[in-house]
Amino acid sequence: MSRRITRRRLLERTLRGSLAGAGLAVGLPYLEIFLNENGDAVAATGAPLPRRFGTWFYGCGMNPHRWNPAEEGAGFELTPELMPIGRVRQHISVLSGFGVILAGETNHVHRTGVLGTLTGGAPATTTENDGPTLDILISDAIGSSTRFRSLEMAAHGVAKDSYSRRNENAIQPAEPTPVDLYMRVFGPGFTDPNAGVFEPDPRAILRKSVLSLVAEDRARVEKQLGQADRARLDEYFTALRQLEHQLELQLSAPPPLEACQAPQRPEAEPVSQDIENVVRNHESMARVLALALACDQTRVFNVVFSAGASGLHTAGSSDTHHTLTHEEAKDPKLGYQPQATQFVLRSMEAWAKFVEILASVQEGDGTLLDHAVVLCHSETSDANSHSVTGLPIMLAGTGGGRVRNGIHVRGAGETTARVGLTLQQVMGLNVAKWGFKANETSRPISQILV
Amino acid sequence: MTIPMQRKIRSTRAIARARSLLLAIVIGLGAVACDEAGTGAGSDPAAITGPPARGYVMARWYDEIPHDDPGECPEGLNITEVEYFPNQWKRYMTERQRVREAEGRFIRWDHELLPPDACQEPLSQPDPGYLTLDGAAEVAGLDLDAVDSTKEGADSTPCAHDDFTSPEGEAGIDNQAWRLMGCVRGYRPNDLMDRLHQSNTMIKEGGYAILMEISGMDDPLDDDAVEVQFLSAAAPATLDAVGDPMENVSFTVHPDATYQSERARGRIENGVLTTDPIDLRLKIKQQTQDNAVYYRDARVRAKVLADGRIQGLLGGYWDSENFWSMMNDHTIGGTPQGRNAAFNRGFMCAGLYHAIPRVADGHPDPTTGRCTSISMALHFEAKPAFVIRPRLAQVD
């Protein structure tokens, strides 16, 4: 018969188990048992539900005349390239017209726009960037109490394409596949030094399910939960198991079929910037991340859907998104590059999916997204001219009720450092000004603050 | 001239005289207060004679791209290496993608899978041919040689060319740069270069502001003797809160005298400034380029506006070697990007290289008779600014 789990253990919100001598930990979401009556604070400490911060990056911008909304404020009409966010627009605010002010610095193409936004100023060279990125500043402030200071992931499969960096020599590499991300979050946390070399097989863990490895702890916790919490926990574990099943399928060879030729054995975790592959990986990664955030494994994350100078392409084509932005002729009737623009739309769809996934996780009095704020951005507006003015920026989530969603704010040529300053203040950092040289600012974007 | 126009001109002249007087007082006071002052003329402040020089900073600066299209480029637009060497480029782009996805890095543009890089070594590829924009068109510019030329004229030379007509109907317009680039995709209306012009990238992203100084201007509407000089500043244009170039800002002149032109003689008639030809070099630094443009026998025809701005054309001859350099001298982190720039814009370096002497129409080489420069025109808008020339310390 399982013993009751102690209250102290329960408040760790972690199920423990082991696999061949290696410790395993599975975090628990914020169940009602952990929260106060209002569902907006941790009962034991009175601390509010943690706020999360993330960045979501995609490459090669958009067509400004088709992306920027005309009206400011709430209820703005969605433009053609914002149509994909229609179903989640209530969770998103659009910021147009903010850019990186160069003031004599060179526009290092496909670099200045992203690092300028994340560090508060135009980088001086192609190999150095000034200061840590925004997520590092925030994770330094709030990331020490979680298992991971931050989590980085690259849906397009290139681990080096991470914009999270303390300096040019300290770049946080991204997990390049959903399985890598899953293993990082749910795989063995440590190994017994006496157990010899241990190589965890992702397939074994996925097949067996990490949940089965913490079954005893799980049973003990469930005994102490109310009905609503049991239902919530069941939902969480179901989502985790479904994800494991999906990932296991991606790793498994298909079953033999009499009527067809034996398919090639898939290589483990192929990396490809085929847009369909990237979209699939992105969704899986978003689901792993949502679970990791819900279980407070981290409070800061960085997602790269496609890198600057986006290498996304359609299957079998060597024409990448980036190449098309420079080579494809503008359709005289449409007024834009049709093939290149398809990648913009797919990127916006992926962003909407990401927001939807975070918004689907119930947490306390709201959802995971309600307790987060996510910065969506790109390294350029018009990719053809490498413009760093009027960069596409969106914020999703209310950051614990601090950020207004559903509005459009027009920046009129101002620095993206205002966005970074605002986000730091939302996340509770004591920052009065941010940015450097011509981008230094002490003005947060008050229109989006509650 | 109507009475309201007479009143407007008198009023404008009165304002101009008042501004001259005010400026002289300010500069005089400044000269007394400071040892090293930007007097504009660099001369003893106590001995200023005549009106002080007026400085300007370029707020707009862009090549002419006409927007009418009367059946231009009937043979289509120029192709890039990607279309000319399709098999090699397909293999290269496949390998580029593979390496990018497997190793997270980019392979170089001078990779062995590609033909030799003609942007670096123009004779490493044979001449693939090049489409120029032929025939009549309305193109802004100046009649640089005072002749309404035709290719088949009586005194046809290796530099013979057909002139354009301006949008105002003026014949004899020399703009062979448009003949050369008019059938290149990136130079067509509403494509890359046009978009860069519309977003004023040259000024807003440029590393060095472009300055103009007019000396001896008693009357901004009528003056038969002024001098005009073009200079590079040591810093970029100052932009306001919404990103537009500001006026009445001080700019220090670039210390390298290469980027200070001679003073061109000029005159202002009914508010239109014209100058005699001068050579000028200006620093151009933006995105992947850090170079200097070299225009020969360049001259101005521009309007002096009531609010003090000057708006008009700079026409001249773009030195052919410098033209070639500006077209493909692009780098990212020290790595040549000329080939990348060429197919972004829509031409082949090998084709362009061989086409340049075919369209050149200025400065014939005394030995070969072939022309070594290409007529061009660009639009500019200049806003009032202060041009500062610090005196350099004496070194014994």
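Residues numbered from 1 in each chain as written. Chains lettered and ligands numbered in written order. Predicted model: local features only at pLDDT ≥ 70, side-chain atom pairs only at ≥ 80, totals over all residues. Heavy atoms only, no water.

Trainee: Explain the overall build of chain B to me, and be specific about the residues and the numbers.
Mentor: Along its length, chain B carries nine helices and 13 strands. A burial count over chain B gives 52% of its 396 residues as buried. In the structure as shown, chain B presents an accessible area of about 18300 Å², 52% of it carried by carbon and sulfur atoms. (Helix = DSSP H or I, 4+ residues; strand = E, 2+ residues; numbered from the N terminus. Buried < 20%, exposed > 50% of the residue type's maximum accessible area, 1.4 Å probe, protein only. Areas by Shrake-Rupley, 256 points an atom, 1.4 Å probe, with all protein chains shown as cover.)

Trainee: Describe the sheet that holds strand 6 (residues 151-154) of chain A, naming the residues involved and giving the relevant values.
Mentor: Residues and elements named next belong to chain A. Taken together, eight strands build an open sheet; the order of strands is 4-14-5-13-12-3-9-6 and the sheet is mixed. Strand pairing shows two members of the sheet lacking a second neighbour, strand 4 (73-74) and strand 6, which therefore form its edges. Where strand 6 lies against strand 9 (residues 300-304), four bridges are found, and the strand directions are parallel. Across the sheet, the residue bridging to Met153 is Val303, located in strand 9. Helix 10 (residues 275-294) contacts strand 3 (52-57), strand 6 and strand 9 of the sheet and is inclined by roughly 170° relative to strand 6. (Pairing = 2+ DSSP bridges. Contact = heavy atoms within 4.5 Å. Axes fitted to C-alpha atoms, helices over the stretch in contact; angles between N-to-C directions.)

Trainee: Pulling in residues and values, what's your account of the packing of aromatic side chains?
Mentor: Residues and elements named next belong to chain B. Scanning all chains against the criterion turns up 19 aromatic pairs over all chains. Ring geometry for Trp61 versus Phe380: centroids 6.5 Å apart, planes at 40°, classification tilted. Here Trp61 is found in strand 1 (residues 54-63), whereas its partner Phe380 is found in strand 13 (residues 371-388), with 319 residues between them in sequence. When its relative accessible area of 2% is taken as the criterion, Phe380 is described as buried. Where Trp89 meets Phe343, the ring centres are 5.3 Å apart and the plane angle is 90°; that geometry is what we call edge-to-face. (Phe/Tyr/Trp six-rings, centres within 6.5 Å; stacked < 30°, edge-to-face > 60°.)

Trainee: Break down the state of the cysteines for me, with residues and values.
Mentor: All names here are of chain B. Per the counting criterion, the structure on display carries three disulfides over all chains. The disulfide partner of Cys73 is Cys183, and the gap between their sulfur atoms is 2.1 Å. Here Cys73 and Cys183 share a disulfide; its torsion about the S-S bond, -100°, makes the bridge left-handed. Residue Cys73 is located in the loop between strand 1 and helix 2 (81-84), and its partner Cys183 is located in the loop between helix 4 (176-181) and helix 5 (192-198); the two are separated by 110 residues in the primary sequence. Exposure class is identical for Cys73 and Cys183. Each is buried. A sulfur-sulfur separation of 1.8 Å characterises the disulfide bridge that pairs Cys159 with Cys371. On the sign convention where negative is left-handed, the bridge of Cys159 and Cys371, at about 115° about the S-S bond, is right-handed. A residue pair is termed long-range when its members are at least 10 positions apart, and Cys159 in the loop between helix 3 (86-103) and helix 4 and Cys371 in strand 13 qualify at 212 residues. Here Cys159 matches Cys371 in class, with each residue buried. (Disulfide = S-S within 2.5 Å.)

Trainee: I'd like to hear about the confidence of the model for chain A, residue by residue, with values.
Mentor: Residues and elements named next belong to chain A. Confidence in the prediction for chain A averages 85 pLDDT; 85% of positions are at 70 or higher. Below pLDDT 50 for its whole length, residues 190-196 participates in six contacts with residues either more than four positions away or in separate chains. Between residues 254-268, whose pLDDT stays under 50, and residues either more than four places distant or in other chains, the model counts five contacts. (pLDDT = per-residue confidence, 0-100.)

Trainee: Can you lay out the side chain of Gln337(A) for me, pointing to particular residues and giving the numbers?
Mentor: Residue and element names in this part refer to chain A. Counting through the fold element by element, Gln337 comes out in the loop between helix 11 (321-327) and helix 12 (338-359). Within the structure, the side chain of Gln337 is placed 2.8 Å from the backbone oxygen of Glu328, a separation counted as a polar contact. Residues within four places of Gln337 in sequence aside, it is in contact with Leu324, Thr325, His326, Glu328, Ala329, Lys330 and Asn384. (Polar contact = N/O pair within 3.5 Å; in protein donor to acceptor, adjacent residues only side chain to side chain.)

Trainee: Give me the pattern of salt bridges: which residues, what numbers.
Mentor: All names here are of chain B. By the definition in use, this model includes 32 salt bridges over all chains. A salt bridge links Arg296 to Asp319; the shortest N-O distance between them is 3.1 Å. Highlighted residues: Arg296 in strand 8 (residues 289-304) and Asp319 in strand 9 (residues 310-319), separated in sequence by 23 residues. For the pair shown, Arg296 and Asp319 are each scored as buried. Of the charged contacts, one joins Arg309 and Glu381 as a salt bridge, the two residues approaching to 3.3 Å between their closest N and O atoms. (Salt bridge = Lys/Arg side-chain N within 4 Å of Asp/Glu carboxyl O.)

Trainee: Describe the confidence of the model for chain B, with residues and values.
Mentor: Residue and element names in this part refer to chain B. Averaged over all residues, the pLDDT of chain B is 85; the fraction at 70 or higher stands at 85%. This stretch, residues 1-11, has a pLDDT under 50; its non-local contacts, to residues over four places away or in other chains, come to three contacts. Every residue in residues 20-48 is under pLDDT 50, and counting partners more than four places away or in other chains gives 23 contacts. Across the whole predicted complex the pTM is 0.79, and at the interface the ipTM reaches 0.72.

Trainee: Mind laying out the packing of helix 5 (residues 178-186) of chain A against helix 10 of chain A, listing which residues take part and the relevant values?
Mentor: Residues and elements named next belong to chain A. Relative to each other, helix 5 and helix 10 sit at 10°, their axes nearing to 9 Å. When the axes of helix 5 and helix 10 are compared, the pair comes out roughly parallel. The segment helix 5 lies against helix 10, with Pro178, Leu181, Tyr182, Val185 and Phe186 engaging Asn281, Ser284, Met285, Val288, Leu289, Leu291 and Ala292. Residues belonging to the contact of helix 5 with helix 10 are distributed by class as follows: 10 nonpolar, two polar and no charged. (Parallel < 35°, antiparallel > 145°, perpendicular 65-115°, else oblique. Nonpolar A, V, L, I, M, F, W, Y, C, P; charged D, E, K, R; others polar.)

Trainee: Describe the interface of chain A and chain B, naming the residues involved and giving the relevant values.
Mentor: When the parts of a complex come together, some accessible area is lost, and that lost area is often used as the size of the interface. With 33 residues of chain A at the interface, the matching set in chain B holds 26 residues. For the pair chain A and chain B, the summed buried area comes to about 2600 Å², and 47% of that belongs to carbon and sulfur atoms. Taken together, the links from chain A to chain B amount to two salt bridges. One salt bridge in this structure joins Asp382(A) and Arg195(B), with 3.1 Å as the shortest N-O distance. Here chain A is connected to chain B by 11 residue pairs in polar contact (both at pLDDT 80 or more). Classifying every residue of the side of chain A that touches chain B gives nine nonpolar, 18 polar and six charged. (Buried area = accessible area lost by both parts, 1.4 Å probe.)

Trainee: So, the layout of surface pockets: which residues are in play, and what are the values?
Mentor: Computed from the structure, the second largest pocket encloses a volume of approximately 1200 Å³. Lining the second largest pocket are 49 residues; nearest its centre among them are Ser387(A), Thr389(A), Gly390(A), Gly413(A) and Lys204(B). Contributions of two or more residues to the lining of the second largest pocket are made by helix 2 (64-67) of chain A together with helix 5 and helix 6 (201-204) of chain B. By residue class, the composition of the lining of the second largest pocket is 15 nonpolar, 23 polar and 11 charged. (1 Å grid on protein atoms, 1.4 Å probe; cavity = no way out; pocket = protein on both sides within 12 Å on 5 of 7 lines; lining within 4 Å. Points joined across faces, edges and corners; volume = space filled by probe spheres on them.)

Trainee: Give a description of unusual backbone geometry that names residues and reports values.
Mentor: The residue His110(A) is not glycine, and still its phi comes out positive at about 65°. If you trace the backbone, His110(A) turns up in the loop between strand 5 (92-96) and helix 3 (112-119). On the basis of relative accessible area, His110(A) is assigned to the buried category, the value being 15%. Phi at His363(B) takes a positive value of approximately 55°, unusual for a residue other than glycine.

Trainee: Residue-level account of the packing of helix 4 (residues 134-142) of chain A against helix 13 (residues 417-426) of chain A, with values.
Mentor: All names here are of chain A. Two elements in contact, helix 4 and helix 13, have axes whose closest approach is 11 Å; the angle formed by their N-to-C orientations is 15°. Here helix 4 is positioned roughly parallel relative to helix 13, judged by the angle of their axes. Considering the relative orientation of helix 4 and helix 13, their crossing is right-handed. Between helix 4 and helix 13, the residues in contact are Leu134, Leu137 and Ile138 and Gly420, Leu423 and Gln424, respectively. Of the residues that constitute the contact of helix 4 with helix 13, the class distribution is four nonpolar, two polar and no charged. (Left-handed = near helix turned anticlockwise from the far one by under 90°.)

Trainee: So, empty space enclosed by the protein: which residues are in play, and what are the values?
Mentor: Residue and element names in this part refer to chain A. All told, the structure shown has five cavities of 30 Å³ or more when counted by the stated rule. When its volume is computed, the largest cavity comes out at roughly 80 Å³. When residues of the lining of the largest cavity are traced back to their parent elements, those giving at least two are helix 11 and helix 12. With three residues, the top contributor of residues to the lining of the largest cavity is helix 12. Looking at side-chain class alone, the lining of the largest cavity contains five nonpolar, six polar and one charged residues.

Trainee: Quick one: what's the story with the environment of Ala294(A), residue by residue and with numbers?
Mentor: Residues and elements named next belong to chain A. Residue position: Ala294 is located in helix 10. Among the residues examined, Ala294 registers a relative accessible area of 2% and is labelled buried. As a C-alpha pair, Ala294 and Leu369 span 75 residues in sequence and 10.0 Å in three-dimensional space. The contact partners of Ala294, leaving out residues within four places of it in the chain, are Arg13, Leu28, Pro29, Tyr30, Arg52, Val361, Glu363 and Leu368.

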